Amino acid sequence: MRLDKYLKVSRIIKRRTVANEACDAKHVLVNGKVARASYEVKEGDIIEISLGSQTNRYEVITVSEHATKEDAASMFRKV
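Okay, so let's go over this structure. (Residues numbered from 1 in each chain as written. Predicted model: local features only at pLDDT ≥ 70, side-chain atom pairs only at ≥ 80, totals over all residues. Heavy atoms only, no water.)

Looking only at helices and strands, the protein chain has three helices and five strands in total. Traced from its N-terminal end to its C-terminal end, the protein chain shows the element sequence α-α-β-β-β-β-α-β. In terms of overall dimensions, the protein chain has a C-alpha envelope of 30 × 25 × 25 Å along the principal axes. Here the protein chain holds 79 residues, and 33% of them are scored as buried. Carbon and sulfur atoms make up 49% of the accessible area of the protein chain, which amounts to about 5,000 Å² in all. (Helix = DSSP H or I, 4+ residues; strand = E, 2+ residues; numbered from the N terminus. Buried < 20%, exposed > 50% of the residue type's maximum accessible area, 1.4 Å probe, protein only. Areas by Shrake-Rupley, 256 points an atom, 1.4 Å probe, with all protein chains shown as cover.)

What follows deals with the side chain of Asn56. The residue Asn56 is located in strand β4 (residues 54–60) in this model. For Asn56, the side chain forms a polar contact with the side chain of Lys78, separated by 3.4 Å. Excluding residues within four positions of it along the chain, Asn56 makes contact with Ile47, Glu48, Ile49 and Lys78. (Polar contact = N/O pair within 3.5 Å; in protein donor to acceptor, adjacent residues only side chain to side chain. Contact = heavy atoms within 4.5 Å.)

Attention now moves to helix α2 (residues 16–24). All of the buried residues in α2 are Ala19, Ala22 and Cys23. Buried residues of α2, viewed axially, fall in a sector of 100°; they line one side. Pointing more than 90 degrees away from the buried face of α2 are the exposed residues Thr17, Glu21 and Asp24. (Arc of directions from axis to C-beta.)

A few words now on the environment of His27. For His27, the position within the fold is in the loop between α2 and β1 (28–30). Separated by 23 residues in sequence, His27 and Ser50 have C-alpha atoms that sit 5.1 Å apart.

Turning our eyes to something else, we now look at the pattern of salt bridges. This model, assessed by the stated rule, comprises five salt bridges. As a salt-bridge pair, Glu65 and Lys5 come within 2.8 Å of each other at their nearest N and O atoms. Residue Glu65 is located in the loop between β4 and α3 (69–72), and its partner Lys5 is located in helix α1 (residues 3–9); the two are separated by 60 residues in the primary sequence. What makes Lys5 partly exposed here is its relative accessible area of 23%. Glu48 serves as the salt-bridge partner of Arg57, at 3.8 Å between the closest nitrogen and oxygen. Residue Glu48 is classed as partly exposed on the basis of its relative accessible area, which comes to 22%. A network of salt bridges, in which partner residues are shared, links Arg2, Asp4 and Arg16. (Salt bridge = Lys/Arg side-chain N within 4 Å of Asp/Glu carboxyl O.)

In structure tokens:
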């Protein structure tokens, strides 16, 4: 699954366009490297998002095309 879609489906970022813009602005790192929106997310990846003065790190637990609100929280773990 594409990185921008994963961020939206997992509800880490609310909208896919915002996720895409964050990737274009190089605010998203995957495993310590700047990642493009087209990066294929895999289980075990560490996603680091820097928006404003806040930096959040997440570990990908599962990759699913669709997720309910309850399932979305189980797709990642905050590191």
